[in-house]
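Each chain, letter by letter, is given below.
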Amino acid sequence: MAKAKTIKNIGQGVGKDVRHDSAHKHVTGEAVYIDDMPLLPGLLHLQPGLSTHAHANIKALDLSAVRAATGVVCVLTHEDIPGVNDVSPTGSGDDPIFAVDKVVYAGQAIFAVAATSLAAARNAAALAKIDYEELPAVLTIADAKAQDADLEPAQLMVLGATKDALFTAEHQLKSSLRIGGQDHFYLESQAAQCVPGEDGDLTVYSSTQHPSEVQHLIAHMLDRDSHAVNVQIRRMGGGFGGKETQAALIAAMAALASAKTGRPARLVLDRDDDMVMTGKRHDFEIDYKVGFDSEGRLNGVMFDMASRCGSSMDLSAAINDRAMFHADNAYFLNNAQIVSRRLRTNTVSNTAFRGFGGPQGMMAIERVMDDIALHLGKDPLAVRRINLYGEKGRNQTPYGQFVRGNLAPQIIDQLAKDADYDQRRAAARAFNAKNRYIKKGIALTPVKFGISFTTTFLNQAGALVHVYADGSVHLNHGGTEMGQGLFTKVAQVVAHEFAIDLDQIKISATATDKVPNTSATAASAGTDLNGMAAQNAARTIKDRLIAFAAQEAECAQEDVIFADGEIRANDKKWSFAALVKAAYLARISLSSTGYYATPEIHYDRSIHDGWPFYYYAFGAALSEVEVDTLTGENRIVRVDIIHDVGRSLNPALDIGQIEGGFVQGAGWLTSEELVFDDQGVLRTHAPSTYKIPACSDRPPVFNVSLFEGENNVDSVHRSKAVGEPPLMLAISVFSAINDAVASVADYKHAPDLHAPATPESVLRAINNLPTNQSTPKS
Amino acid sequence: MRDTVEFWLNGELVRVQNPDPTQTLLNYLRQTRALTGSKEGCAEGDCGACTLVIADPDARNDDGVWRALNACIAFLPTLDGKTVITVEGLAKNGQLHPVQQALVDYHGSQCGFCTPGFVMSLYAHYRNKGAVDDACLNDVLAGNLCRCTGYAPIIRAAKAMYDYPAIEEFELKPAPSQQTLALTMTDPISGAVKRYFAPRTLDALAQTYEQNPDAVIVAGSTDVGLWVSKGRKVLETLIDIGKVAGFADITPAADGLTINAGARYSDAHAAIADKWPSLSELVRRIGSTQIRNAGTIGGNIANGSPIGDMPPALIALGAELILRKGEVRRQIKLEDFFIAYGKQDRVAGEFVEAVFVPKPKPNQRFVTYKISKRFDQDISAVCAAFALILDGEKVQSIRIAYGGMAGIPARANKAEAILLGQSWNEENVRAAMAALADDFTPLSDMRASAQYRLQAAQNLLFKFWLDKSDAPYLAREQAHG
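Model, not experiment: these values are computed from the prediction. (Residues numbered from 1 in each chain as written. Chains lettered and ligands numbered in written order. Predicted model: local features only at pLDDT ≥ 70, side-chain atom pairs only at ≥ 80, totals over all residues. Heavy atoms only, no water.)

## As for the overall build of chain A
So, point 1. Summing up its helical and strand segments, chain A has 19 helices and 30 strands in all.
So, point 2. Relative to the compact-globule value of 28 Å for 778 residues, chain A shows a C-alpha radius of gyration of 27 Å, a close match.
So, point 3. Along the first, second and third principal axes, the C-alpha set of chain A runs to 85 × 75 × 50 Å.
So, point 4. Across the 778 residues of chain A, 66% fall into the buried class.
So, point 5. Put simply, of all contacts in chain A between residues at least 6 apart along the chain, 80% involve residues at least 24 apart.
So, point 6. Accessible surface for chain A amounts to roughly 25,200 Å². Of this, 48% is attributable to carbon and sulfur atoms.
So, point 7. Computed over 72 positive and 91 negative side-chain charges, the separation of the two mean positions in chain A equals 4 Å. (Helix = DSSP H or I, 4+ residues; strand = E, 2+ residues; numbered from the N terminus. Rg over C-alpha atoms; globule rule 2.2 N^0.38 Å. Buried < 20%, exposed > 50% of the residue type's maximum accessible area, 1.4 Å probe, protein only. Contact = heavy atoms within 4.5 Å. Areas by Shrake-Rupley, 256 points an atom, 1.4 Å probe, with all protein chains shown as cover. Lys, Arg positive; Asp, Glu negative; His and termini not counted. Charge placed at Lys NZ, Arg CZ, Asp CG, Glu CD.)

## Examining the pairing of strand β4 (residues 67–70) of chain B
Residue and element names in this part refer to chain B.
So, point 1. Going residue by residue along β4, you find R67 and L69 tucked away on one face and A68 and N70 tucked away on the opposite face as well.
So, point 2. Looking at chain direction, strand β3 (residues 51–55) and β4 are connected through four bridges and run antiparallel. Along β4, the bridge assignment pairs L52 with L69. (Pairing = 2+ DSSP bridges.)

## A look at the pattern of salt bridges
Residue and element names in this part refer to chain A.
So, point 1. Per the counting criterion, the structure on display carries 73 salt bridges over all chains.
So, point 2. R384 is the salt-bridge partner of E366, the closest N and O atoms lying 2.5 Å from each other. In this pair, E366 sits in helix α10 (residues 358–376) while R384 sits in helix α11 (residues 380–387), placing the two residues 18 residues apart along the sequence. An identical accessibility class is assigned to E366 and R384; each is buried.
So, point 3. Residues joined by salt bridges that share partners form a network here, namely R424, K440, E624, E626, R635, R638 and D640. (Salt bridge = Lys/Arg side-chain N within 4 Å of Asp/Glu carboxyl O.)

## What to know about α10 of chain A
Residue and element names in this part refer to chain A.
So, point 1. In this model, α10 (19 residues) spans 27 Å end to end at C-alpha, consistent with the 27 Å of a helix rising 1.5 Å per residue.
So, point 2. The buried count for α10 comes to 17 of 19 residues, which makes it a mostly enclosed element.
So, point 3. Phi for G377, located one or two positions after α10, is positive at around 70°. (Expected span 1.5 Å × (residues − 1).)

## What to know about the domain arrangement of chain B
Residue and element names in this part refer to chain B.
So, point 1. Assigned domains within chain B: domain 1 (4–87 + 172–240), domain 2 (93–163) and domain 3 (250–468).
So, point 2. In this structure, domain 1 and domain 3 have C-alpha centres spaced 30 Å apart.
So, point 3. Between domain 1 and domain 3, the contact holds 25 residues from the first and 27 residues from the second.
So, point 4. Between domain 1 and domain 3, roughly 2,100 Å² of surface is buried when both sides are summed, and carbon and sulfur atoms account for 50% of that area.
So, point 5. Along the contact surface separating domain 1 from domain 3 lie three salt bridges.
So, point 6. At the surface where domain 1 touches domain 3, the tally comes to nine residue pairs in polar contact (both at pLDDT 80 or more). (Domains from an automatic or database assignment. Buried area = accessible area lost by both parts, 1.4 Å probe. Polar contact = N/O pair within 3.5 Å; in protein donor to acceptor, adjacent residues only side chain to side chain.)

Here is the structure:
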């Protein structure tokens, strides 16, 4: 541990609104993504050939016309794989790179063409003749439930004694909620390029959140050691969880083409192919029963969750676990029974997506709060407040962890006050009383999100810092940059340690030959883990410099001061570069790895009990919407947010994550609808049919502020993770739409509203209200 | 004749001899020129990551000289004679353009992949000296999707872009050549001989098409571009109408407005806004700025789509279509052009020359509504258009047309019949709403179910009755709720 004093807030260190390190390159078009890399001589372009059936035996696969087509160099199938034909992230063995004799979803890769141009590859891929024998397909959650198509045994989490609590409660309700999936729609589709080297070694450029996993899976595929494969990624054009596991399939195909031909190979998915081939957010159906008192306080709740996992395991176990972990959101459930089924269907295998199951779990409990309020004729915010986690006796989660550092009550109070909740709610009701067809809705919902991978061993990270003899610094760590600003924040941490300017630090591509065995950049933990690892690496070097400076100045190590690009000790003073140069000449190592493992956490999944989260991040949002009850069209009018990021490393980047996460969440719950037809074919596989928020969908009034308060968690500079939690602030939009719909029946009935709240979904909910006084009956 | 495509790229004259006529501008830039700043995000003109800016020395354009364009669906030869600016061309001598600097300063990029497209959309707007209020920017950026930022910082940057000192800019240059362009090449992959014609007069167009009735006519290729990028079709003969003199003209006359088939949405927007405010808002919601800078009203009719937004509106207005084959012209009612799904009243070699829109009649109320999952830049689930003339409280004339309700855009004949000559009251309107179920049997698809389409169509008629103004969107009717 560095003993020297470092003056805070030097240059562009922590806590500053430093720009994204690549901002300049983004706006000039100079930032290089994989498809922008120079076209190497002999480069092969790949196009996969996809199944058109959801479930079928491949009776005959005739690729002769594909092989004979102009420009084709080779055609790859499972027979070309020397090692293991699998890219499953958890070793479940159910994610073949190429289908063998059966396809299990429409969009599954059967072969890939490698050709001298992309046009040639795509032309050739269309010439395959595939004879299918159709098999019965399980497509929906209902189908899968009926057929007991569970990927793993249903999981159970219990708090207290639920059944008694429900039966003895003064009030009881039961209902259900359907929650649609979501495509990541990263603007850069999945992409990889492989360049072969000597000894058959491969360098793979992969647009991935998880380079180590891509490395290991490619090695297994090729029956090689991991040391033969180096995976690199400088930046992704968006990830959002979609490139945590799904990137491996694309990288594997490029690597296989290179291994087979000895030529560089590139695979960049066409948008439509990307959307049908790769996994999405899980859609859920959640049945619930709830018992409560006349104040709306929960006696107990039972959730029966079921999710469509698709054709393979992928990360569905952990994702559905997180849905259970967040079925409490910020509330003490008193007594709870949470059952979660993970269903295998003949659809693309669903995967990680910002929030990782948490958003679906939270949707259910927030719906419960709204239902209780409507049932009792109370303000939903009052019901929410009365159920928040509290002091001893009201602070245990269904998975055993106690909620510490609970900021939800404080944030809600502040937001309700700052954004005039009471007054605006009254105004909305007054408006609705006067207007028959346009209705306003308003809702304030909190977020409490657990930070850490719930698979405990993943909570580790490594970094590598070199200081060159001229005082410039090379920074590397296991985290990946997908736009969130991780590289900038980690560089700020290192700049702070050395008390130097950011431009003295070279940020470099994530590479498996620099930092090995990394975890995915996921679970919002990128900065927490890699920032700490980089800080540790920098401190190791700094300690050496301190010892050297103390020796040179003949003073105690405690008296060496790093400040503003200078090091002062006794009567001596060096620039950083001068001290480094002197240390180099004195034969002191100026390079170090750094490592970090999150302390305190543990979890026993077999009984769903433990302390899975290092801490919680909190926030709250107040959304106001308008709904046209004749058409179901709806729009956001105003949003106010207060969000907790601890002591921000970079407020500008953190606010960017909050604004972006919120709008992405609002898209999930309103306009983004995945439609599979009755054959299991995705019909919304391009931006023409799948509608993520556009510019005018952002809230026209959008007030975002960071919660100001102390953070007692020993995290990197006491900051908190920010990647995922803000997405769930958008649940307030859904809840506000629900409020507007409820007004049609004078707030006497809970609307049967399901997500996404498309115009059609909203109009259906209005139609289904028992005392619909609004819509003309036809 | 000339077989070399010539245009100005970031100030430099580019000559490309006999390119594949369906090579996209984006592929040319990225693959041939190694200008990889423009990105491919969707290859169908919906995400805007490939946006660049063009200016056409010959074009009229109500919305400004500098046009944002989706390079992913623009065929290279259609750029002939134009000035093209890509994201690589903006910064000068190491100094960022004000648009770029504002995006940097306001944290307008995160992953950065969409950013060049945003830069270029804003750049076109900057060059056109456009306003930077929310409504205007929402429209300018409707065709640029960002998945990271939630748009807020981009808007903050856009509002500040005029605060930065100006830098040296490219100017619009005259076309390098006035010679007629015609291309012929053999596609190395399909083996097909591909030909491209760019007639420069209307007579030459009529003659070329009569001689090549299998040719595909393109203007902005906002639809045809997808046949190539997504459908992987090999188009053997293309006729580009972009060079036909006078073909983008919009001619006002005493009895109405004649919009020639080559007029782009952005060409016609002001003329339409002048006479039909509600139609103007509908046009604003068609595609995006990039799409309206490329697509033509004539093309939106001629392709016969059941979900194009212009046909129902124009049918309700009583528009007529002027078709031409060789020397022969004929004029038909627009609704008669659409026969069945995929089938129009158009013979081989015949093309849409113009659409004539009668001027608004005194006391005519004309309102359009569009329902889609997303408000901007989406395709209609249902599009409705109503044109009503009241005589006292009796319906003197009513024309009701819908898109998305059948295989073609069509009038609601039974509903109209119920209302014609009757009182314009709730009872009759509800009867007409019920009759819509006899007029239409809509389909279910990924945009909406049949049931929703019918109910929405009915409720839109009700909404039209409720509305006393021509305000087209929610929350504007609160005065009489």
